[in-house]
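Chain residues, written in single-letter form:
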Amino acid sequence: MPATKDTDSPVDLSAGPLGEANGVAKPRKPTFVVEADRLLSSHPKELWAYRELFLLLVKRDFVAAYKQTVLGPLWFFVQPFLASLVFMVVFGQIARLPTTELPPLVFYMSGIIAWNFFANCLTQVSYTFLASGGLFRKIYFPRLIIPLSQVSMNLLNFIAQLLVLVAVIAAYELSGRKIDIGPKILALPGILLAMAFLALGLGCLIASATVKYRDLNMVVGYTLNLWMFGSFVIYPRSMVPDSLQWLMNLNPMASFIECYRSSLFGTEHAQIQPAMIACIMTIVVLATGLWCFVRAEGTFTDTI
Amino acid sequence: MPVALEARDISKRFFLGERNQRAFFEDMSAMAMSGLRRLFQPAETSKERASSHDFWALKDVSFQVSQGQTLAIIGENGAGKSTLLKIVSRITQPTTGTVRVYGRLASLLEVGTGFHPEFSGRDNIYLNGAMLGLSRREVRSRFDRIVEFSGVEQFIDVPVKNYSSGMYVRLAFSVAAHLNPEIVILDEVLAVGDAVFQKKCFDRMEEIINEGHAAILVSHAMSNVERLSQVCLWLRHGRIEMLGPTHEVVSRYEKETAHEVVSHYERQTAEQYQATQPEPIASFSHWSVHSKLATGPHTIISGQARVTFRFEIEMTTSVADGKIAVSIADAQGLTLFAHEGELRQTTAGKILVTLELASLPLKPGEYIVSCTISHRNHPAAFLRAIPELTLLEDNSVERSGYYGLLNLPASLSVER
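Just so it is clear, the model here is predicted, and its values are computed rather than measured.

(A) Examining the overall build of chain A more closely. A count of helical and extended segments in chain A gives 13 helices and 1 strand. Beginning at the N terminus, the succession of helices and strands in chain A can be written as α-β-α-α-α-α-α-α-α-α-α-α-α-α. Put simply, chain A has 304 residues, and 39% of those count as buried. Look at the contacts in chain A between residues 6 or more apart in sequence, and 82% of them connect residues 24 or more apart.

Dropping the structure here:
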């Protein structure tokens, strides 16, 4: 049956004499425009408008993480502690790797909590589209809110774990061992932020790729395990032979963890050159990651 | 009235086909090949690559909604309604085209997404409100109304994982129903819960539509479409089939879908009939409808005149003590009316059945008329047939403001 197509002129029933009078008014600015290849969200202004959602999500994830575990908040403190003990036995006693002037427990624990912070951020961010896909399909809000809230939640966890480390240090102090915490600690927030940005950028990059290739997340967990061994978590830079130093310089996390311990204890001397390389890599990765992410969020519902 | 939402030439293409290992290598090699090709054949267009994997869910859809107006989107499943809503509510991007939205838009495509089971109803109200774009202050000012509407006051501080599913959806709908946006996008499937709460949902939706400045509604119930919207957009296979005043679009939509439903219904009853009744006791030879409003053998103008149905039926067996019924059903198969009579001592051969109606006050549309014969030996004997009684709109009188199933003679006056 032939249909009367009416596509060329959208009907505006209200365009009566009154409507015309109003229609002359100067063109208004749309609240938002949806268009091909225009970023749907994650515009800085949009992100700011949804800051309350961001705070609620951080709170939600933080509280939920503590509510679901048997040990409750204790788990967050026990886990790095136990891992440090295992490292002490395996790498300290069996492999006999040196730990600078720091007591092994402090050395491993500081490394583990920083690495966990990075690894958890990266893993969670890379799962953004897979984990929140159902939500994204139904409600509009700037998608970047999710990775940002996850990184922030991990930052809170990290701070909580840092308190445990402080307690361990205090115990050592009481037993008479001197651990210097100097003014360099002021650089700590900057170093943490750099790690967070690296994880965010890399995570966003992987998240965008998972839109097309789901199994990429498998690679993430595997790679992170291997990556840790090249990141000064279990040994200091001084252990690395000169012929391999260049390789370490290409690993931004190695530099960041070195800087982080250096700012905490002053036992390792962070070098400018690797730190600069790490910062530049972080900026490039972050920019690429965010770019890919905002490109992916517009079309991901079509493929996943 | 100023425009609240304007969509221009919206098209959306989907790629069909799985993403798998092969797809990955194909992507990679395609990237490499296109790079090589560009070196040697710079003139090649990307159109050639638009393969059979492409599927246009929407094609060149344009419409606008003015402030104070409600637009209804209708169409069969898979016509592109959801895709259109998703584009308008910024969940996915169009392949081409532009949507301009003037004012705060809230789209309620589903309720309860983003609820966290571990959190109390109270926390979830704030969380869900924030997701839907409300500030904490706005949620606080609506909090009491939301809770009251949902009827879960007692359990507001209990984690929602302990809620019954009914309480859960009621709370979810309540949050969504109190956003007070300038432009609202509603999907009818939102009406949730038991019958009482569903009624409440519908009422609230109507309120939202009435108090909001503009609305887009997706619905399969034409009575709701007619009641709530002024403009209607009919999508078919991703294209605009018709766009215009609601009653015009709906009446044509109903007429056309009725054909499909009727033929489906006919097939179904024929199958049923054959299953239960291998040897038919009767068959139709002819039927007609007589009225001064009749415009054809099976077509009359909807109105108040006397209507007579005449059925000529060929009986294949004799019936000692049977019943005969004539019923009228709407295009959805809902029986609107049935009248039953006795069928005594009939021998094989032709019989004439006549049904007189003082009037047939149904709204214009397609109807199914059936005649059923049953008797003691064949309790399930059906003689179901003759679909398609068409009632036409009475153009001689001005269309009075009615909707619903019946076109009863009525007048409305207001006094003070």
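(B) Main features of the overall build of chain B. Along the backbone of chain B there are 8 helices and 18 strands. Relative to its 416 residues, chain B shows a buried fraction of 39%. Taking the intrachain contacts of chain B between residues at least 6 apart in sequence as the baseline, contacts between residues at least 24 apart amount to 73%.

(C) Broad picture of the packing of helix α7 (residues 145–174) of chain A against helix α8 (residues 188–210) of chain A. Residue and element names in this part refer to chain A. Contact geometry for α7 and α8: axes closest at 11 Å, N-to-C directions at 145°. You can see that α7 and α8 cross each other, and the crossing is right-handed. Between α7 and α8, the residues in contact are Pro147, Val151 and Leu155 and Leu192, Ala196, Ala199, Leu200, Gly203 and Cys204, respectively.

(D) Spotlight on the nonpolar core. In this structure, Phe118, Met195 and Ala199 of chain A together with Leu5 and Val88 of chain B are the most contacted members of the largest nonpolar core, which totals 152 residues. Looking at which element gives the most residues to this core, the answer is helix α5 (residues 104–126) of chain A, with 15 residues. In this structure leucine 5 of chain B touches Gln64, Val65, Val88, Val101, Tyr102, Ile183 and Ala214 of chain B, once residues within four positions along its chain are discounted. In terms of nonpolar packing, the next biggest core, distinct from the first, is built from 19 residues, Leu343, Leu360, Tyr367 and Ile373 of chain B among them.

(E) Geometry of the sheet that holds strand β8 (residues 231–236) of chain B. Residues and elements named next belong to chain B. As summarised here, the arrangement of the 6 strands in space is β5-β6-β7-β3-β8-β9, forming an open sheet in which the pairing is mixed. Lying at the two open borders of the sheet, with one neighbouring strand each, are β5 (105–108) and β9 (239–245). Neighbour-to-neighbour, the strand axes of this sheet turn through a mean angle of 15°, independent of strand direction. Bridge count between strand β6 (residues 183–187) and strand β7 (residues 214–218): 5 bridges; the pairing is parallel. Opposite isoleucine 183, over in β7, you have alanine 214 as the bridge partner.

(F) Just helix α6 (residues 195–211) of chain B, in detail. Residue and element names in this part refer to chain B. Along its 17 residues, α6 runs 24 Å from first to last C-alpha, staying within 8% of the 24 Å computed at 1.5 Å per residue. Looking only at α6, the buried set comprises Phe197, Lys200, Cys201, Met205 and Ile208. Down the axis of α6, the buried set is contained in an arc of 140°. They therefore lie on one face. Opposite the packed face of α6, turned more than 90 degrees from it, sit the exposed residues Ala195, Val196, Lys199, Asp203, Glu207 and Asn210. The inward-facing, buried residues of α6 abut α5 (165–177) and β6.

(G) Representation of helix α6 (residues 128–136) of chain A. Within α6 of chain A, the full set of buried residues consists of Thr128, Phe129 and Phe136 of chain A. Looking straight down α6 of chain A, one finds its buried side chains confined to an arc of 60°; they lie on one side.

(H) Layout of the interface of chain A and chain B. Counting residues at the interface gives 45 residues for chain A and 54 residues for chain B. Looking at the side of chain A that touches chain B, the elements that each hand over two or more residues are α1 (17–23), β1 (32–35), α3 (51–68), α6 and α13 (300–303) of chain A. At 7 residues, α3 of chain A tops the list of elements feeding residues into the side of chain A that touches chain B. For the side of chain A that touches chain B, the residue count by class is 20 nonpolar, 13 polar and 12 charged. In this structure, β1 of chain A lies alongside strand β4 (residues 96–101) of chain B, joined through 4 bridges in antiparallel fashion. Counterpart to valine 34 of chain A in the pairing with β4 of chain B is valine 99 of chain B.

(I) The environment of glycine 129 of chain B, seen in detail. Summarising the element assignment, glycine 129 of chain B is placed in helix α3 (residues 121–131). Those residues in contact with glycine 129 of chain B that sit more than four places away from it in its chain are Leu134, Val139 and Val175 of chain B.

(J) Here's a closer look at the sheet that holds β4 of chain B. Spatially, 4 strands are ordered β1(A)-β4(B)-β1(B)-β2(B) in an open sheet, and the strand pairing comes out antiparallel. Every other strand in the sheet has two partners, leaving β1 of chain A together with β2 (54–66) of chain B as the edge strands with one partner each. Adjacent strand axes in the sheet meet at a mean angle of 15° when their direction is disregarded. Against the sheet, helix α2 (residues 81–88) of chain B engages β1 of chain A together with β1 (3–15), β2 and β4 of chain B, with an angle of about 120° to β1 of chain B.

(K) Representation of the confidence of the model for chain A in the model. Residue and element names in this part refer to chain A. Looking at chain A as a whole, its pLDDT mean stands at 81, while 87% of the residues score no less than 70. At the low end of the mean pLDDT range in chain A sits α1, at 37; at the high end sits α8, at 93. This model gives residues 1–25 a pLDDT under 50, and the stretch forms 33 contacts once residues within four places in sequence are excluded.

(L) Fine view of the environment of phenylalanine 77 of chain A. All names here are of chain A. Residue placement: phenylalanine 77 occurs in helix α4 (residues 74–94). The exposure class assigned to phenylalanine 77 is partly exposed, which follows from the 16 C-beta atoms found within 10 Å. Taking the C-alpha atoms as reference, phenylalanine 77 lies 6.5 Å from valine 164; in sequence the two are 87 residues apart. When neighbours within four sequence positions are excluded, phenylalanine 77 is seen to be in contact with Gln161 and Val164.

(M) Structural detail: the confidence of the model for chain B. All names here are of chain B. Considering every residue of chain B, the mean pLDDT works out to 77; 75% of them sit at 70 or more. Every residue in residues 41–50 scores below 50 in pLDDT, and together they form 1 contact with partners more than four places removed in sequence or on other chains. For this predicted complex, the interface confidence score (ipTM) comes to 0.75, while the overall pTM stands at 0.72.

(N) The arrangement of the packing of α3 of chain B against helix α4 (residues 136–150) of chain B in detail. Residue and element names in this part refer to chain B. It is at 10 Å that the axes of α3 and α4 come closest, and there the two elements cross at 125°. As judged from the angle between their axes, α3 and α4 are oblique. In this structure, α3 meets α4 at a crossing whose hand is right-handed. Residues Ile125, Tyr126 and Gly129 of α3 form the contact with α4, whose own contacting residues are Arg136, Val139, Phe143 and Ile146.

Analysis parameters
Residues numbered from 1 in each chain as written. Chains lettered and ligands numbered in written order. Predicted model: local features only at pLDDT ≥ 70, side-chain atom pairs only at ≥ 80, totals over all residues. Helix = DSSP H or I, 4+ residues; strand = E, 2+ residues; numbered from the N terminus. Buried ≥ 20, exposed ≤ 12 C-beta atoms within 10 Å, placed from the backbone. Contact = placed C-beta atoms within 7 Å. Axes fitted to C-alpha atoms, helices over the stretch in contact; angles between N-to-C directions. Left-handed = near helix turned anticlockwise from the far one by under 90°. Core = buried A, V, L, I, M, F, W, Y, C linked by C-beta atoms within 7 Å. Pairing = 2+ DSSP bridges. Expected span 1.5 Å × (residues − 1). Arc of directions from axis to C-beta. Nonpolar A, V, L, I, M, F, W, Y, C, P; charged D, E, K, R; others polar. pLDDT = per-residue confidence, 0-100. Parallel < 35°, antiparallel > 145°, perpendicular 65-115°, else oblique.

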